[in-house]
Amino acid sequence: MGIAKMGFLRSFTKRKSMSETCNEVLFRRYCNNGDNAALSALYDEHSNQLYYYLLVLSDPQTAADITQKSWLKVIESAHLYQQKGRFQAWLFTIGHRMLIDELRRTRRWDAETNPTSLPNSNQVDEHSSQPSCNFHALLKKLPFAQREAFSLQQEDFSLQDIAEITNTPVETVKTRLRYARNNMRKLWTQQS
Amino acid sequence: MNEPQKEPDFKRAYQSSKQDYPAPGRIKRAVINSQRQQRWLRYLPAKEWLALAAAVGCFLILITMTNQTHLPPQNNETLALEVEFHNYADEPAPVADHRQQLTVYQREYTQNLNTLSAFYSRRAMLAQHAGSWQFIDCNQQIITVSIDLIEDLRKHKRIDPGIFDGSFVELAFDENGRLMSVSPARENLC
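Quick caveat: nothing in here was measured; it's all calculated off a predicted structure.

Here is what the cut-offs are and how they apply
Each chain carries its own residue numbering, running from 1 in the written order of its sequence. Just so you know, chain letters begin at A and ligand numbers begin at 1, following the order they were written in. The predicted origin of the model limits local features to residues at a pLDDT of at least 70 and limits the giving and counting of side-chain atom pairs to 80 or more, whereas totals for whole chains, interfaces and linings rest on all residues. Each side-chain value is worked out from all heavy atoms of the structure, with water and hydrogens disregarded. Numbered from the N terminus, helices here are DSSP runs of H or I no shorter than four residues, and strands are runs of E no shorter than two. Accessible area is worked out with a 1.4 Å probe on protein chains only. A residue is then buried under 20% of its type maximum, exposed over 50%, and partly exposed in between. Where accessible areas are quoted, they stem from the Shrake-Rupley method and a 1.4 Å probe; at the residue level, only the protein chains shown are allowed to cover. Whether two residues are in contact is decided by their heavy atoms: any pair within 4.5 Å suffices. In this description, strands pair whenever DSSP reports at least two bridges between them. Summed over both partners, the accessible surface that disappears when two parts come together, traced with a 1.4 Å probe, is what is meant by buried area. A side-chain nitrogen of Lys or Arg and a carboxyl oxygen of Asp or Glu constitute a salt bridge if their distance falls within 4 Å. Whenever a nitrogen or oxygen atom comes within 3.5 Å of another N or O atom, the pair is scored as a polar contact, on the condition that within protein one atom can donate a hydrogen and the other can accept it, and that pairs from neighbouring residues in sequence are kept only if both atoms are in side chains. Nonpolar residues are Ala, Val, Leu, Ile, Met, Phe, Trp, Tyr, Cys and Pro. Charged residues are Asp, Glu, Lys and Arg, and all others, Gly as well, are polar. Orientation is described by axes fitted as lines to C-alpha atoms, over the contacting stretch for helices, and by angles from 0 to 180 degrees between their N-to-C directions. Each crossing gets its handedness from the near helix: less than a right angle anticlockwise from the far helix is left-handed, clockwise is right-handed. For this analysis, a nonpolar core means a set of buried residues of the types Ala, Val, Leu, Ile, Met, Phe, Trp, Tyr and Cys, connected via side-chain atoms within 4.5 Å.

1. Notes on the overall build of chain A
Consideration 1: The helix and strand tally for chain A stands at 9 helices and 0 strands.
Consideration 2: Counting from the amino terminus, chain A carries its helices and strands in the arrangement α-α-α-α-α-α-α-α-α.
Consideration 3: A burial count over chain A gives 47% of its 192 residues as buried.
Consideration 4: Within the structure as shown, chain A displays about 10200 Å² of accessible surface, and the carbon and sulfur contribution to it stands at 52%.

2. Let's talk about the overall build of chain B
Consideration 1: Helix and strand content of chain B: 5 helices and 6 strands.
Consideration 2: Listing the helices and strands of chain B from first to last along the sequence gives α-α-α-β-α-β-β-β-α-β-β.
Consideration 3: A total of 190 residues make up chain B; the buried ones form 25% of that total.
Consideration 4: Partitioning the intrachain contacts of chain B with sequence separation of at least 6 by distance along the chain shows that 55% fall at a separation of at least 24.
Consideration 5: Total accessible area on chain B stands at roughly 13500 Å², and carbon and sulfur atoms take up 56% of it.

3. Observations concerning the pairing of strand β6 (residues 179-184) of chain B
All names here are of chain B.
Consideration 1: For strand β5 (residues 168-174) and β6, the ladder comprises 5 bridges, and the chain directions are antiparallel. Pairing of Val 169 across the sheet is with Pro 184, part of β6.
Consideration 2: The hairpin turn running from β5 into β6, its antiparallel successor, is 4 residues long, and Gly 177 in that turn takes a positive phi close to 85°.

4. Digging into the interface of chain B and chain A
Consideration 1: Counting residues at the interface gives 27 residues for chain B, matched by 40 residues for chain A.
Consideration 2: Of the roughly 3200 Å² buried between chain B and chain A, counting both surfaces, carbon and sulfur atoms make up 58%.
Consideration 3: In this structure, Glu 155 of chain A and Lys 18 of chain B form a salt bridge, with 3.1 Å as the shortest nitrogen-oxygen distance.
Consideration 4: Our enumeration of links across chain B and chain A arrives at 11 residue pairs in polar contact (both at pLDDT 80 or more).
Consideration 5: When contributions to the side of chain B that touches chain A are tallied by element, the ones reaching two or more residues are α1 (3-20) and α2 (25-37) of chain B.
Consideration 6: It is α1 of chain B that provides the largest number of residues to the side of chain B that touches chain A, a total of 11 residues.
Consideration 7: Classifying every residue of the side of chain B that touches chain A by side-chain character gives 11 nonpolar, 5 polar and 11 charged.

5. Looking at the packing of helix α2 (residues 36-57) of chain A against helix α4 (residues 87-105) of chain A
All names here are of chain A.
Consideration 1: For the pair α2 and α4, the least separation of the axes is 11 Å and the interaxial angle reads 35°. Between α2 and α4 lies a crossing of right-handed hand. Across the interface between the two elements, Leu 42, His 46, Gln 49, Leu 50, Tyr 53, Leu 54 and Leu 57 of α2 pack against Phe 87, Gln 88, Leu 91, Phe 92, Gly 95, His 96 and Leu 99 of α4.
Consideration 2: Looking at side-chain class alone, the contact of α2 with α4 contains 9 nonpolar, 5 polar and no charged residues.

6. Description of helix α8 (residues 159-166) of chain A
All names here are of chain A.
Consideration 1: Taken together, the buried positions of α8 are Asp 161, Ile 162, Ala 163, Ile 165 and Thr 166.
Consideration 2: Tucked into the core, α8 has its buried residues touching α2, α4, α7 (144-154) and α9 (170-191).
Consideration 3: Directly after α8, the chain includes Asn 167, whose backbone phi takes a positive value near 55°.

7. Focus: the nonpolar core
Consideration 1: If you look at the biggest cluster of nonpolar residues, it comprises 57 residues, and the most contacted ones within it are Phe 27, Tyr 53, Trp 71, Phe 87, Phe 135, Leu 139 and Met 184 of chain A.
Consideration 2: Here the element with the most residues in this core is α2 of chain A; it accounts for 12 residues.
Consideration 3: Beyond its immediate stretch of four places on either side in the chain, Met 184 of chain A contacts Phe 135, Leu 138, Leu 139, Leu 142 and Phe 150 of chain A together with Phe 10 of chain B.
Consideration 4: By size, the runner-up hydrophobic cluster in this structure holds 17 residues, among which are Ala 124, Val 145, Leu 153 and Val 182 of chain B.

8. Let's talk about the pattern of salt bridges
When the charged atoms of two side chains lie near each other, side chains of opposite charge can form a pair.
Consideration 1: Tallied over the entire structure, the rule returns 8 salt bridges over all chains.
Consideration 2: With its nearest N and O atoms 2.7 Å apart, the salt bridge here joins Asp 156 of chain A to Lys 11 of chain B. Of this pair, Asp 156 of chain A sits in the loop between α7 and α8 while Lys 11 of chain B sits in helix α1, each in a different chain.
Consideration 3: Here Glu 171 of chain A ties to Lys 174 of chain A by a salt bridge, and the two come within 3.4 Å at their closest N and O atoms. In this pair, Glu 171 of chain A and Lys 174 of chain A are both assigned in helix α9, 3 residues apart and thus about one turn of the helix distant.

9. With respect to unusual backbone geometry
Consideration 1: In the Ramachandran plot, Asn 167 of chain A falls in the positive-phi region, its phi being about 55° despite a non-glycine side chain.
Consideration 2: In this fold, Asn 167 of chain A is placed in the loop between α8 and α9.
Consideration 3: Within the chain, Gln 140 of chain B stands out as a residue other than glycine whose phi angle is a positive 65°.
Consideration 4: Secondary-structure assignment places Gln 140 of chain B in the loop between β3 (133-137) and β4 (142-145).

This is the structure we're talking about:
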């Protein structure tokens, strides 16, 4: 049993690292040769994840705009990419910064991101009437910082990655995740 | 104890919810199109492009200035051009002393070298050769040459005898703008 678990973990880790290597190879091919196919493959791999992460933190229009701007920024700043980090983490860092800039520009930053603000039970997504979107509606009820940390964790980012993406100490990330899980559990139970 | 069992529920619910909200297709089209447009710009960063553009601009200005320096002076606002009278001396006056005579020859020779070096020429058509000669050049400028200068040039065989009204000629000027010779042009090159 123990051996089987170890084997599973090893293969999972290997698959994840292979995916990261694949991303690095694709991005290097795009940087060196301007390969459209490589960029297209990277986009297909990560665009839905980035878009949904941004959608959880904002509205559909803003999420679409920031997703597009983030990819354009990736194209412009390709020569600045350092291979020490994962491509996905770099992409999400760009997305996070652009979203914060957009929220500050439209003066939605304080209202939405105040960590002390309580979950607003009236804040319901426009798609929440659909049964399959209940989780999305629950997620939108979390405070901004908890929502962001929780969303990034569901995208398989490590605590260190989340701390770097959100420019927050690791301990703060842990706290936000703990609160987010507790709040989600309560909301999940209430809904059930 | 139950917490580890609930976490995968969140994850599955999150992934399921994510599939309900895919990124709009227009984003990919915009990104790929933008990449194609900016592809050639990526080979040089912005600062290098700016420096390259400035260098090309300076080069073009230098080329333009150099070309303008070598062009004959053209004043399109001038409708008529009068050529000042000047003449040529055939032989210096004889001097008794041979050494002084040699000096005079040397001075004349040097002066003639300066005078006779054609600086530029202008193509024109002889419009009138009764009295003062009038030429019309390619810019429709009228060049009037006094009869004295014509006679002087004729005396030194610097005007082709076969020139008549309507002939296309080539007027040779020295660097001071003095007319040196009038020779027939083979064809109208205006």
